[in-house]
Amino acid sequence: TFRAWQRLRFSTVELASDSVSGPAADPDQDGLPNLAEYAFGSEPKNRNASSIRIRAAASPGGRLTLEYDRLSTLGDVEFIWETSSDLRTWAAATLESPSVTPLPDQLRETMIATVAGDSSAPRFYRLRVELRSSTSAI
C-alpha cells in the first residue's frame, strides 16, 4: 500500500510532514509527486522522472494509442486517462481494447489502450493517478 511504501522510504520526522512524505509532495524535486513515484515504481528521494514511461503514438488507421508502464502489484491505485481540448477542462477519456502485457522483470506491466472516436481533432491527454481509498490524486 501507499502507506507501507511511505514507511519504507521516509524517516519518522519526514512521515510527520505531509510536505515531504504526503501524496502530493515532491522531495527530490524531479516533477513527480510521491504518489506518482509509488505508482510507477520509482524512488521519491532520487531524481528519476526520466525513468517513467508514458507514451502516445498513432496506431494503424490514424487512431491514437496510449500506454504506460506501472508496478503490477498495486491494489490501491487507479490510473485514469483524461482528455481536454483546452488544458482547463478535463474529462475521462473513452478507451477501447485495453490490454496488459507483463514486463520481463515480472514486477511491472505495460498498459495499452486505443482512444475511442475521432482522433483527428486536436486533443490533450494526461494520465491521472489516484489512491482508491482516498481523494489524493495527481
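Residues numbered from 1 in each chain as written. Predicted model: local features only at pLDDT ≥ 70, side-chain atom pairs only at ≥ 80, totals over all residues. Heavy atoms only, no water.

Novice: Before we move on, can you summarise helix α1 (residues 2-9) with the specific residues and values?
Specialist: Within α1, the full set of buried residues consists of F2, W5 and Q6. Angularly, the buried residues of α1 cover 100° about the axis, an arc narrow enough to put them on a single face. Projecting away from the buried face of α1 at angles above 90 degrees are the exposed residues R3, R7 and L8. (Buried < 20%, exposed > 50% of the residue type's maximum accessible area, 1.4 Å probe, protein only. Helix = DSSP H or I, 4+ residues; strand = E, 2+ residues; numbered from the N terminus. Arc of directions from axis to C-beta.)

Novice: So, the confidence of the model for the chain: which residues are in play, and what are the values?
Specialist: Predicted coordinates in areas of low pLDDT are best not read in detail. Mean pLDDT over the chain: 88, with 93% of residues reaching 70 or higher. At the low end of the mean pLDDT range in the chain sits strand β1 (residues 54-58), at 87; at the high end sits helix α2 (residues 12-15), at 97. (pLDDT = per-residue confidence, 0-100.)

Novice: Describe the sheet that holds strand β4 (residues 91-92), listing the residues and the values that go with them.
Specialist: Whenever strands of a sheet pair, they do so through backbone hydrogen bonds, lying parallel or antiparallel. Within the open sheet, the three strands sit side by side as β4-β3-β7. Their pairing is antiparallel. With one partner strand each, in any of the chains shown, β4 and β7 (124-131) form the two edges of the open sheet. Both strand β3 (residues 77-84) and β4 contribute to a ladder of two bridges, which runs antiparallel. Considered in β4, the bridge of E82 is made with A92. (Pairing = 2+ DSSP bridges.)

Novice: Outline the sheet that holds strand β2 (residues 64-71), listing residues and values.
Specialist: Ordered in space as β1-β2-β6-β5, the four strands form an open sheet in which the pairing is antiparallel. The sheet is open, and its two edges are formed by β1 and β5 (95-102), each paired on a single side. On average, each strand axis in the sheet is inclined to that of its neighbour by 20°, with strand direction left out of account. In the sheet, β1 pairs with β2 via five bridges, with the strands oriented antiparallel. Across the sheet, residue R55 finds its bridge partner in β2, namely E67. (Axes fitted to C-alpha atoms, helices over the stretch in contact; angles between N-to-C directions.)

Novice: How would you sum up the packing of aromatic side chains? Please name residues and give values.
Specialist: Within this structure, the stated rule accounts for eight aromatic pairs. Ring centres 5.4 Å apart and planes at 70° place the aromatic pair F2 and Y38 in the edge-to-face group. Residue F2 is found in helix α1, and its partner Y38 is found in helix α4 (residues 34-40); the two are separated by 36 residues along the sequence. Comparing F2 with Y38 shows no difference in burial state: the two are buried. Summarising the aromatic geometry, the rings of F40 and Y68 are spaced 6.4 Å apart at their centres and angled 90° between planes, so their arrangement reads as edge-to-face. (Phe/Tyr/Trp six-rings, centres within 6.5 Å; stacked < 30°, edge-to-face > 60°.)

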